[in-house]
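# Analysis of the macromolecular model
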Amino acid sequence: MFKVRRKKSREQETGEPLSLCYPFDWTGLENFNYPLDENGVPRVWVNPKAGPRHNPVTIAQFGLFHLQKYSLTNDEAILSKSLNAVLWLVENFRDWRDDIGAWVYDFDLEFYGPQAPWISGMAQGQGISLLLRMQQLRPGQRFPDICQRAMRAFQRPVADGGVTTTFPDGTPVFEEFPTSPPSMVLNGHIFGLLGIYDYAHFFSDKNAAGMFEAAVAGLKTNLRRYDTGFWNRYDLHPTARLASPMYVRVHVQLLHILAELTGDPFFQNYAAKWQAYLNDPVCRARWLVGKTLEKIRLRL
């Protein structure tokens, strides 16, 4: 079972110290062998029209991944890779709507439909998680100010330039993709939640802590919406896509992290249920049939 690693980090001036070792472990899911630009920052192939582009989520994850490795090795060469990502995030942080600051996507997303410019709750959350950790190594930089402005996106609905929508019961969901109708991508929502958690602890911010608690309670009530009885869904978009096996593993790990952070066995039990789907040959066969029919349906 995945465990959140709690390696003690170096001291900071505000709130509780954050572990330099981000709790999500990408081992076996992503090797981060992306092509790098001249500044050592990864780019990803978006689509034939957009070509290779800088993706704020990928860059934040690249930085968090290498900061994890640094926290375990103290290898300065590894830290430099994380710093490359941090520098890009600082230089590309933009004014967005009103007092919100954001990492703004400059390309269209063909499947879900958002057209440039747009912002992502997952990018905001993971950017916050990376910059606050780096603040503990490089204090006195602009990182806290950037994170405070980035946090405002979680306080506004998508219609007002933020990243928040709601489940049918009115509880908050943080959108990875600002779509209409809402997509409610599960991993993007939880990664956004982890950024809010880090922010609340770093700044000892009661409002952010309350936001985290409200969103966790809402997820607990609505997680069943992602469960098909034999697999889980990637999102709640009307296209009703099943998660890939890789994303089931991502969901399982994220639920274990929430169980560790909240002390609530509900998330651990759901993680075990979804892991059982992944391990069951019958469930995997049903996923394969369902995914094949899904691809045919979405092409029509």
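Within each chain, residue numbers correspond to sequence positions counted from 1 in written order. Selection of residues for local features in this predicted model requires a pLDDT of at least 70, selection of side-chain atom pairs for listing and counting requires 80 or more, and totals for whole chains, interfaces and linings are taken over all residues. For the side-chain quantities, the full set of heavy atoms in the structure was used; hydrogens and water were omitted.

## Here's the deal with a nonpolar patch on the surface
Put simply, the rule reads: Here the term patch refers to residues with relative accessible area over 30% and no salt bridge, with like charges joined within 9 Å and nonpolar side chains (Val, Leu, Ile, Met, Phe, Trp, Tyr) within 5 Å. To be clear on the numbers: accessible area is Shrake-Rupley with a 1.4 Å probe, and residue cover counts the displayed protein chains and nothing else. Take a side-chain nitrogen of Lys or Arg and a carboxyl oxygen of Asp or Glu: if they are within 4 Å of each other, that pair is a salt bridge. Here a strand is any run of E in DSSP of at least two residues, a helix any run of H or I of at least four, and the numbering for each starts at the N terminus.
On the surface, Val289, Leu293 and Ile296 cluster together into a nonpolar patch covering about 280 Å² of accessible area. Mapped onto the fold, leucine 293 is located in helix H9 (residues 281-299).

## Considerations on the confidence of the model for the protein chain
Parts of the prediction with low pLDDT should not have their coordinates interpreted in detail. Definition in use: In predicted models, pLDDT denotes the confidence assigned by the predictor to each residue on a 0 to 100 scale. For this analysis, residues touch if any pair of their heavy atoms sits within 4.5 Å.
Summary statistics for the protein chain give a mean pLDDT of 91 and a share of 94% for residues scoring 70 or more. Considering only residues more than four positions removed or in separate chains, one finds that residues 1-13, a stretch of pLDDT under 50, has 38 contacts.

## Focus on the state of the cysteines
Definition in use: In what follows, a disulfide is any cysteine sulfur pair within 2.5 Å.
Under the definition given, this model contains 0 disulfides. Of all cysteine sulfurs in the structure, the one in cysteine 21 sits closest to cysteine 147, which takes part in no disulfide; the separation is 19 Å.

## So, the nonpolar core
Our working definition: Note on terminology: a nonpolar core comprises buried Ala, Val, Leu, Ile, Met, Phe, Trp, Tyr and Cys residues joined through side-chain atoms within 4.5 Å. Relative accessibility under 20% of the residue-type maximum defines a buried residue, over 50% an exposed one, and the middle range a partly exposed one, all with a 1.4 Å probe and only protein chains included.
Among the nonpolar cores identified, the biggest contains 96 residues, and Leu131, Trp231, Leu255 and Trp274 are the most heavily contacted of them. Ranked by residue count, the leading element in this core is helix H5 (residues 186-203), at 10 residues. Those residues within four positions of tryptophan 274 in sequence are excluded, and the remaining contacts are Leu186, Leu223, Tyr226, Asp227, Asn232, Val248, His251, Val252 and Leu255.

## Topic: the environment of phenylalanine 202
Structurally, phenylalanine 202 is set in helix H5. With 69 residues separating them along the chain, phenylalanine 202 and arginine 133 place their C-alpha atoms 9.1 Å apart.

## Comments concerning the packing of H5 against helix H7 (residues 245-262)
Worth spelling out the cut-off: Geometry is summarised by axes, namely lines fitted to C-alpha atoms with helices restricted to the contacting stretch, and by angles between N-to-C directions that run from 0 to 180 degrees. To sort the angles, those under 35 degrees are grouped as roughly parallel, those over 145 as roughly antiparallel, those from 65 to 115 as roughly perpendicular, and the leftovers as oblique. Crossings are assigned a handedness: left-handed for a near helix turned anticlockwise from the far helix by less than a right angle, right-handed for a clockwise turn. We call Asp, Glu, Lys and Arg charged. Ala, Val, Leu, Ile, Met, Phe, Trp, Tyr, Cys and Pro are nonpolar, and the rest, Gly among them, are polar.
Look at H5 against H7: their axes get within 10 Å of each other, and the N-to-C directions meet at 30 degrees. Classified by the angle their axes make, H5 and H7 are roughly parallel. Here H5 and H7 pass one another in a crossing that is left-handed. Across from Leu186, Asn187, Ile190, Phe191, Leu194 and Tyr197 in H5, the residues of H7 making contact are Tyr247, Val250, His251, Leu254, Leu255, Ile257, Leu258 and Leu261. Taken together, the residues of the contact of H5 with H7 break down into 12 nonpolar, 2 polar and no charged.

## Describing helix H8 (residues 265-279)
Under the convention used in this document: Expected helix span is given by 1.5 Å per residue-to-residue step, counting one fewer step than there are residues. By construction, the arc corresponds to the directions joining the helix axis to the C-beta atoms.
An ideal rise of 1.5 Å per residue puts 21 Å on 15 residues; H8 measures up with 21 Å between its terminal C-alpha atoms. Three or more residues of H8 are buried, namely Phe267, Tyr270, Ala271, Trp274, Tyr277 and Leu278. Within H8, the buried residues cover an arc of 115 degrees as seen down the axis, which keeps them to one side. In H8, the exposed positions that point more than 90 degrees away from the buried face belong to Asn269 and Asn279. Those residues of H8 hidden inside the fold are in contact with H5, helix H6 (206-222), H7 and H9.

## Looking at the packing of aromatic side chains
By convention here, two paired aromatic rings are described through the distance between centres and the angle between planes. Which entries qualify depends on this criterion: Working definition: rings of Phe, Tyr and Trp (its six-membered ring) pair if their centres are within 6.5 Å, and the pair is stacked with planes under 30 degrees apart, edge-to-face with planes over 60 apart, and tilted otherwise. For a lysine, the NZ atom is tested; for an arginine, the CZ atom; a charge sits over a ring if that atom is within 6 Å of the ring centre and within 35 degrees of the ring normal.
Evaluated as defined, the whole model comprises 18 aromatic pairs. Considering the side-chain rings of phenylalanine 202 and phenylalanine 203, the 4.9 Å spacing of their centres and the 70 degrees angle between planes classify their relative orientation as edge-to-face. The rings of Tyr105, Phe107, Tyr112, Trp118 and Phe177 are connected pair by pair, giving a single aromatic cluster. Here the basic side chain of arginine 97 rests over the ring of tryptophan 96, its NZ or CZ set 3.8 Å away from the ring centre.

## A few points about the pattern of salt bridges
Close approach of charged atoms allows side chains with opposite charge to pair. Under the counting rule described, the total for this entry stands at 10 salt bridges. Here aspartate 98 makes a salt bridge to arginine 156, at a shortest N to O gap of 3.9 Å. Of this pair, aspartate 98 sits in the loop between strand S3 (93-95) and strand S4 (101-103) while arginine 156 sits in the loop between helix H4 (143-151) and strand S5 (164-166), placing them 58 residues apart in sequence. The class of aspartate 98 is exposed, set by a relative accessible area of 72%.

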